[in-house]
Every structure is written in structure tokens, then in C-alpha cells.
Amino acid sequence: MNLSIVTRLMLALALWALPVAGQPSAKAGDAGNGKKLYIADGCYECHGLQGQGGSSAPVGSYGPRLARPKLPVEAIRAYVRHPGGGMPPYTPKVLSDSQIDDIYAFLKTIPAPPPVKDIPLLNE
Amino acid sequence: MSKSEDANVGRRNFLSNAAALAASVPVALAAAQAPGQESAPPTKVEVQTTDRPGADFMIDVFKSLGFEYVCANPGSAFRAIQESVVNYGGNSKPEFITCCHEESSVAMGHGYFKVEGKPMLVFAHGTVGLQHASMAIYNAFCDRVPVFIVLGNNLNAATRRSSVDWVHSVQDAPSLVRDFTKFDDSPVSLSQFAESCVRAYKVAMTAPSAPVVLVADAELSETPIVGRTDLTIPKLTRASPPAGDSAAVAELAGMLIESQNPVIVAGRLARTPDGMAHLVELAELLQSPVVDSGVRMNFPNRHRLNLSANSRALVENADLVLGLEVPDFYGLVNSISRQLEYSAHLITKAKLACISAGDRLAKSNYQEFQRYQAVDLDLAADAEATLPSLVEAVKQRMNGGRRRDLEARGAKIAQQHAAIWAKARLDASYAWDASPVSVARLCSELWAQIRNEDWCLANSSGIFVSNWPLRLWDFDKPYRHIGGSGGAGMGYGAPAAVGAALANKKRGRLTVNIQTDGDLMYAPGVLWTAAHHRIPLLTVMHNNRAYHQEMMEVQVAANQHNRGIERAHIGTSIDDPNINYAKLAESMGMMGIGPIDKPGDLAPAIRRGIETVKRGEPVLIDVVTQPR
């Protein structure tokens, strides 16, 4: 099936919104190696060193938050292979499935941020 | 050049009076006389001085136009004018601002205008100076900002004194930037100079605004004008901006009232503080969502109708999209793939309308005019000048029932606005304690310290800081930010911030500059200019040690070429060695703080910096940050 970029993006975003519980899961990746790959492969450029995300509209919206993903790894893999928007495609030649699993594992280990209500600067 | 009439008249008048003046003017006699000898009277007097050069008249012209400052790197081609500024003109209106690069001079003028609303005067060599200045002129042109540039030149080859005079002379100086200026002239007389300056000022300031260039020939500026009574300066007449015709305005008003899901998108709308007030009135009248694209301070970011963060969805679902001076209307209503194979498609079925004076400044060579987009209604007029009549037309056509319907729409928009703000705070909480410092944390810490001041963000409100100021701060007044460079040319930010700070100085405003490292390194000498002229400015470095935008571009190319992106840092990083910007600032004579890489250290550093800025000095705080 030849999905349009927009369709793929919508699919990925829809999957993103799904709850974690009950999702099929690949074997656990190596979070330590995933962190190295996250830097080496430049994911941090758009998504931040801790996966916090990048810019939002109106000026140059890109790099959504990746930390603590709710998407299953399969959806991440699918999107990484055939992304939309400004994200470049990562083929198996440059990033294997197991490496994606490692990056995914790293993203899962990123600690939750403090609640907004507990950050005074964000409540002024 | 044929000898100028004015110059010849001036020279003849002067020489005819030279013998009478010889006793009081230090001249050298061509034929020396031995004591006690009779000889023929001297046939030639070498004129070495004059009390009144043509440059003085040029200063009179500049004073008549009300220039406050002239930014320049000194240049021999305009030495007479510079001397007249500081001596004849008293170095006041205009006051000479010493710049270390002509790009800085023009970019300072760019930032200055967006606060002051008046053009900056800039002097530059017609050759080497203009080439340095050209990038900043292009930025100003793309951003529709007037800068008044005066070029020194020595067109008359017979009077060039050195080899350097030759390499610094040019037949048609403005040709270098004619593709991205609105008007230029190379006057051959002082009378023409005065007339052309007044014309250029008027042209530059009439929307759509843009830079203008005048050549001040060295021969004109250095020629004596003693006794000249014929030199006059025309009165400046300010032209009203082009407004949309009444029929088109009425049609647009009808479309807006009937629309169920309109969206108003503002680009370079607000030329003056009135622009924001007009847009607020229109939006509230229609209860329409507004997208402020960020290239001007068009609409308060915390206004309940501001849905800028939802721009794509709004356009997709709209039945009417109204663009107000939107530079890239095609990009607004189309989706353009960034992948290897080009594709683009319209994302909306909405009717499209725009008000823009952009076509009135259409040039062919440089492609800043963007891709053509067919629309349903196009008003080739200045949007700010047209909005008052549009507001009145809407009021006249709006009945009570429709007004009540629109209020319900406004309530829904307000809910969406609140959700955007909640999401922004949640997004900012991620990586809150990270080191290097997240840009969201940097902007939050900065906001906490300036929010009770009368502040102006003079640089980096947009993409290079992931829009965090617009997502977290309260931009409630027309001067809260001044937009971006226009031409996306690096090197704009630092000098534009200094220029804006110069304009804010007399207003007592705290000018803030979130300064990217790559931009500063183009011409860091502007820090010295700020220190030398005591221009109060708080610069907070967003020091991410790379040209990250370009690194991402290389990443895209590398992945499209199936090679992986591990080497994308080559040619895009600014490390090894890391640059210590605090020390750089100190070397320029201003307070430098940092480098800071722990978020907990930010608040005391910013407080200390603000205290110093309030004493009238520039300060730089070096903060090591995440990429975006």
C-alpha cells in the first residue's frame, strides 16, 4: 500500500495517542546503547537531548516530544523508515531495527518531569 | 562624470575670492618671492583650506530629515562628510555611532527602525563598504525596513589622489544592491543631492518600505561652498500609504461576516503601533482566530483569540483564510514535502483573500517574492492602512443576530487558546533540570526576571529558540518583539538588537537579546559598539555550539543519500575549542557573565545582569544550551 505522507503522519500520530498497556512490544532494547545512538544519529537536534521536543507553530514546527513514548516501538519503526514533515528517512542501511529498539528503550528510561504545578516559574 | 554645475560654480566663486582671502587663509604661494625683489604677481594660488565644504550642506540636508544617528565604519571616501558630522554638525542629530563592520551598521539600522519607526542613516564606502553591507541590506529589503544609506565615492578620475582612491571608486555604486533597494541616485550637484535625499526618504518610508541608497560624491562633499546662496533643501512631504479600494474592502467584509470558520493570518502587518490595535479590533468584531506568524508584533500572544500554535489545523479547516501582509501565502495554504521527491498540495478548501503591498515592490532577480498563489480576492494595498476601513465595513454590515452567533464561536476559540497555553507549560517542564540548559528553561528564567520591567525582546523570538518566548511570555504591547531578519541571513541578530537598544535607550526600556552563537560570530565587534556608546542591552547567549539549523540540513541530505548522519557535525559545529563569550564580551569592554551550563545558576546571573543594564551598560551572559 502506498500511503501518502500525510496519511502516514496521521497514522503515526493516532498510534501515538494509544495507551501503552496492551500494546504489542518488541524485545527490550539496550537503553545505554540507545542513548549513544540518539546522540550519534542526531535525533537530539530536533527532539532535544532528553527527548523534550523542539519547536511548535507558527514559526517552524518540528521535532515533537519523544521522551517517555506512548507509541509502541513498531509505530516508531514504521515512522522512522517512512517519515513525513521535515524528518529525514532512516533506512535499515543506516539504522537497524535493533538500533531503533535501543533508542526506543532509552526514550522509555527518561525520567518524568516534575509536575507543572510544582514548577513556580511555569505558574507565574 | 561631467563636472557638476554646482561644483564649478562653487570653485569659480572661491578662486575669484582667493586673492582677497590670502591674507587670512593659510595658502602657499606658487611663486615665492625673495625679499626686496620685484616680481610678477602670483598667477596661481594653491587652495588648501575652506571654512565651508559641500559636506556641511549635506549635513544640513540630513538634519532636515531628522536623523538621530549615523552608523558607520569610517571610510576615506566620505571623510569630508564624517568630519562635518562631528564638527560642523556638533555630532548631534545625527550622532556618529562607530561600527566595526558595515553589515553591523545596516543591521543596527534595521533593528533601530523597528523600534523607532524612523530610518537610520548609514555611511559606507561605495565599493568595499557597500560590499560588506550588502547582506544586511538584503535582509532589510526582505523585511520591508527602510535604511538610508549614503555611499562615499570619487567618480571623477582626474581628482583621485592614490591607488587606493582608484580601487575605492566605482562608476555606478548602487548597482551592487539595486536588486534589493527601492531607490537610488548618484547626484552630480549639491542641489540634486538635497532633492534626491528628500525624495529617497519619502520613498523609503512609504509602504512598502525598503532601503534606499544615495551616493555622496567626494568632489561634491569636499568642494568649498563659501558664499553660495542658491542651495536650498526641499520640504519633506510624507505620502499616505496605499489603502484598499472601497469596493474590494466591502466585498471582503461580506466574506468575513458570512464565514463560519475564518482564520486571519498576520505577516508583516504592523508597521506602526496602530497595526496591532486595528487587528485586535477586527478579530474581536468577528470573533475570529488569529495566527500571528511572528515576523512582526501583530497580536498579543495571550489574547484569547490567538491560536498561532494551531495554524496548520486552522487553515485546513477554515472556509476563509485572510492573509495580511503574509510574505509566503503559498506556503501558508500548501503542504510542501521536505523529502527527496518534491511534492506540494493545497491543504484547504477555504476561500482565500489577502491584503498585501508586496507586489508594489516586486523585483525580478532575487526570488524573495515567493511562489505564486491564486486567491479569490486580492487587495494590492498596505494592510495596516486598509484595516480601519475594513473594520468600519464589517461594523456596518454586522447585525445583532450574527454578532451573538460570533460570540459563541469566540468562546470556543478561547478554550482552544487556554489548551495551547497549558500544553506549552507541560512541554517546557521536560528537560527542566537538564544540563546543557534547555531553551524552555532559559526562557522561563529570563521571563521571571524581566516580566515586571518595561521590556523589549529585540532578537530571537522565533525559530532559533523554538518560539519559547512566544509560548511562555506575555507579549502585550506593540514593541515587545521586533520580528526577525527578513532574508534569513545570519549576522542580523546581534547588531539589530544593539540598534533596537539604541532606540529604546531614551524610552528607558529594558532591551533583551537572546543571542545565538553562530549569529554573533559573524561580526562580534558590535559588542564593542554597544560598550563604546553605552547602549544598555541584556544579551543572553543561546550558546549551543553549532549551526544547528545547518546541521539538520546536512542530516536530511545524508539520510536521503542513505549514508547515515554521524558526520553531519563536520562543518556545522562551533566547538573544539569552545568559544568563551563572557570573555569575548569582557574584551570588548562590557560585563561578561558565565559560561553557565546549570539552570540553577541562571536566576542570580540574570538579576546581576539586569542591575548593570539599568545603569546604562550592556551585559552579556553566556549560557550553554541545548540545540533548540
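(A) Fine view of the interface of chain B and chain A. Contact with chain B, which involves 46 residues of that partner, is made by 40 residues of chain A. Where chain B touches chain A, the interface holds one salt bridge. Our count for the chain B to chain A interface comes out at ten residue pairs in polar contact (both at pLDDT 80 or more). Broken down by secondary-structure element, the contributors of at least two residues to the side of chain B that touches chain A are strand E10 (290–292), helix H12 (311–317), helix H15 (400–429), helix H16 (439–450), helix H17 (468–472) and helix H21 (548–560) of chain B. In terms of residue count, the dominant contributor to the side of chain B that touches chain A is H21(B) (seven residues). Here the side of chain B that touches chain A is built from residues that sort into 17 nonpolar, 18 polar and eleven charged.

(B) Highlighting unusual backbone geometry. Residue and element names in this part refer to chain B. Of note, the bond from Lys93 into Pro94 is cis; its omega dihedral lies within 30 degrees of zero at 10°. Assignment of secondary structure puts Pro94 in the loop between helix H4 (79–88) and strand E4 (95–98). One non-glycine residue, Ser466, adopts positive backbone phi at about 55°. Relative to the helices and strands, Ser466 resides in the loop between strand E16 (455–459) and H17. For Asn467, which is not glycine, the phi torsion reads 60° and is therefore positive. Relative to the helices and strands, Asn467 resides in the loop between E16 and H17. The buried category is assigned to Asn467, whose relative accessible area is 1%.

(C) Up close: the sheet that holds strand E14 (residues 351–355) of chain B. Residue and element names in this part refer to chain B. Taken together, the five strands give an open sheet; going across it, the order is E10-E9-E11-E14-E15, and neighbouring strands pair in parallel fashion. With one partner strand each, in any of the chains shown, E10 and strand E15 (377–379) form the two edges of the open sheet. When the angles between neighbouring strand axes are averaged without regard to direction, this sheet yields 15°. Sitting on the sheet, helix H10 (residues 246–258) touches strand E11 (320–324), E14 and E15, and the angle it makes with E15 is about 135°.

(D) Seen up close, the side chain of B:Asn139. All names here are of chain B. The topology assignment puts Asn139 in helix H6 (residues 128–142). The class of Asn139 is buried, set by a relative accessible area of 2%. In contact with Asn139, not counting residues within four places along its chain, are His110, Ser485, Gly486, Gly487, Ala488, Gly489 and Tyr492.

(E) The arrangement of the sheet that holds strand E6 (residues 148–153) of chain B in detail. Residue and element names in this part refer to chain B. What the six strands build is an open sheet, ordered E4-E3-E5-E6-E8-E7; its pairing is parallel. The open sheet terminates on both sides in strands that have one partner only, identified here as E4 and strand E7 (183–185). The sheet shows a mean angle of 25° between the axes of neighbouring strands, taken without regard to direction. Bridging between strand E3 (residues 69–72) and E4 involves four bridges; their strand directions are parallel. Opposite Tyr69, over in E4, you have Glu95 as the bridge partner.

(F) Up close: the packing of aromatic side chains. Residue and element names in this part refer to chain B. Within this structure, the stated rule accounts for 17 aromatic pairs over all chains. Ring plane angle 70° and centroid distance 6.0 Å describe the contact between Phe62 and Phe193, whose orientation is recorded as edge-to-face. Residue Phe62 is found in helix H3 (residues 54–64), and its partner Phe193 is found in helix H8 (residues 190–205); the two are separated by 131 residues along the sequence. The exposure class assigned to Phe62 is buried, which follows from its relative accessible area of 0%. Given the relative accessible area of 0%, Phe193 is considered buried. Measuring from ring centre to ring centre gives 5.1 Å for Trp455 and Phe475, while their planes differ by 85°; the resulting arrangement is edge-to-face. Within this pair, whereas Trp455 is found in strand E16, its partner Phe475 is found in the loop between H17 and helix H18 (493–505), the two being separated by 20 residues in sequence. In this structure Phe475 comes out as buried when scored by relative accessible area, which is 0%. Following the ring pairs from residue to residue traces out a cluster consisting of Phe62, Phe67, Phe78, Phe123, Phe148, Phe193 and Tyr201. Looking at Arg144, its charged tip hangs above the ring of Phe141, at a distance of 5.0 Å from the centre.

(G) Main features of the pairing of E11(B). All names here are of chain B. Of all five residues in E11, five are buried; the element is thus mostly enclosed. Across the two faces of E11 the burial is the same, with Leu320, Leu322 and Leu324 and Val321 and Gly323 all buried. As paired elements, strand E9 (residues 262–266) and E11 share five bridges and run parallel to each other. Bridging from a neighbouring strand, Val265 pairs with Gly323 of E11. Here E11 runs beside E14; their pairing, made up of five bridges, is parallel. Its bridge partner lying in E14, Leu324 is registered against Ile355.

(H) Seen up close, the environment of B:Leu252. Residue and element names in this part refer to chain B. Mapped onto the elements of the fold, Leu252 is located in helix H10. When the C-alpha atoms of Leu252 and Ser175 are compared, they prove to be 40 Å apart, with 77 residues separating the residues in sequence. The residues touching Leu252, leaving out its near neighbours within four places in the chain, are Leu322, Ala353, Ile355, Leu377 and Leu390.

(I) Broad picture of the pairing of strand E18 (residues 537–542) of chain B. All names here are of chain B. Among the six residues in E18, six count as buried, and that is most of the element. On E18, burial covers both faces: Leu537, Thr539 and Met541 on one face and Leu538, Val540 and His542 on the other are all buried. Strand direction decides the pairing type here: strand E17 (residues 510–516) and E18, joined by five bridges, are parallel. Counted as the bridge partner of Thr516 is His542 from E18. In this sheet, strand E20 (residues 618–623) lies alongside E18 in parallel orientation, the contact comprising four bridges. Within the sheet, the bridge partner assigned to Val540 lies in E20 and is Ile621.

(J) Representation of the packing of H16(B) against helix H23 (residues 602–614) of chain B within the structure. Residues and elements named next belong to chain B. The N-to-C vectors of H16 and H23 enclose an angle of 45°; their axes lie 10 Å apart at closest approach. Taken together, the axis directions place H16 and H23 in an arrangement best described as oblique. Read as a crossing pair, H16 and H23 show a hand that is right-handed. Across the interface between the two elements, Leu442, Glu445, Leu446, Gln449 and Ile450 of H16 pack against Leu602, Ala603, Ile606, Arg607 and Ile610 of H23.

(K) Just the nonpolar core, in detail. All names here are of chain B. Formed by 94 residues in total, the largest nonpolar core has its most connected members in Phe62, Ile81, Phe123 and Phe148. No other element matches H8, which puts nine residues into this core. Aside from chain neighbours lying at most four places away, what touches Phe123 is Phe62, Val70, Cys71, Ala72, Asn73, Phe78, Ile81, Val85, Phe96 and Val150. Counting 93 residues, the second largest nonpolar core, distinct from the first, contains Leu314, Val333, Leu390 and Ala440.

(L) Just H21(B), in detail. For H21(B), spanning 13 residues, the distance from its first C-alpha to its last is 18 Å, which sits close to the expected 18 Å at 1.5 Å a residue. Buried within H21(B) we find B:His548, B:Met551, B:Met552, B:Gln555, B:Val556, B:Ala558 and B:Asn559. For H21(B), the buried positions fall inside an angular range of 165° around the axis, keeping them on one side. On its buried side, H21(B) packs onto helix H3 (43–47) of chain A. Residue B:Asn562 follows H21(B) closely and has a positive phi angle near 65°.

The rules behind each value
Each chain has its residues counted from 1, running along the sequence as written. The naming scheme follows written order: chains are lettered A onward, ligands numbered 1 onward. Per-residue local features of the predicted model are confined to residues with pLDDT of at least 70, and side-chain atom pairs are confined, for both listing and counting, to 80 or more; whole-chain, interface and lining totals are unaffected and use all residues. Side-chain measures here rest on the full set of heavy atoms in the structure, leaving out hydrogens and waters. In what follows, a contact means two residues having at least one pair of non-hydrogen atoms within 4.5 Å. Whenever Lys or Arg places a side-chain nitrogen within 4 Å of a carboxyl oxygen from Asp or Glu, that contact is recorded as a salt bridge. For the purposes of these results, a polar contact is taken to be a pair of N or O atoms within 3.5 Å, where, inside protein, one atom must be able to donate a hydrogen and its partner to accept one; residues adjacent in sequence count only when each atom of the pair is a side-chain atom. Helix and strand definitions follow DSSP, with helices as H or I runs of at least four residues and strands as E runs of at least two, each counted in order from the N terminus. Put simply, Ala, Val, Leu, Ile, Met, Phe, Trp, Tyr, Cys and Pro go in the nonpolar bin, Asp, Glu, Lys and Arg in the charged bin, and everything else, Gly too, in the polar bin. The buried label goes to any residue with under 20% of its type's maximum accessible area, the exposed label to any with over 50%, and the partly exposed label to all in between, with areas taken from a 1.4 Å probe on protein chains only. At least two bridges found by DSSP between two strands are what make those strands a pair. Lines fitted to C-alpha atoms define the axes here, with helix axes fitted over just the stretch in contact, and angles between the N-to-C directions of these axes take values from 0 to 180 degrees. What counts as a ring pair is set by centres within 6.5 Å for rings of Phe, Tyr and Trp (its six-membered ring), and what kind of pair is set by the plane angle: stacked under 30 degrees, edge-to-face over 60, tilted for all other angles. Both a distance and an angle decide whether a charge sits over a ring: NZ of Lys or CZ of Arg must be within 6 Å of the ring centre and within 35 degrees of the ring normal. Just so you know how the angles are binned, under 35 degrees is roughly parallel, over 145 roughly antiparallel, 65 to 115 roughly perpendicular, and the rest oblique. Crossings are classed by handedness, with left-handed meaning an anticlockwise turn of the near helix from the far one by less than a right angle and right-handed meaning a clockwise turn. As used here, the term nonpolar core means buried Ala, Val, Leu, Ile, Met, Phe, Trp, Tyr and Cys residues forming a set that is joined through side-chain atoms within 4.5 Å. Expected helix span is computed as 1.5 Å times (number of residues minus one). An arc is given here, and it is the one of the directions from the helix axis to the C-beta atoms.

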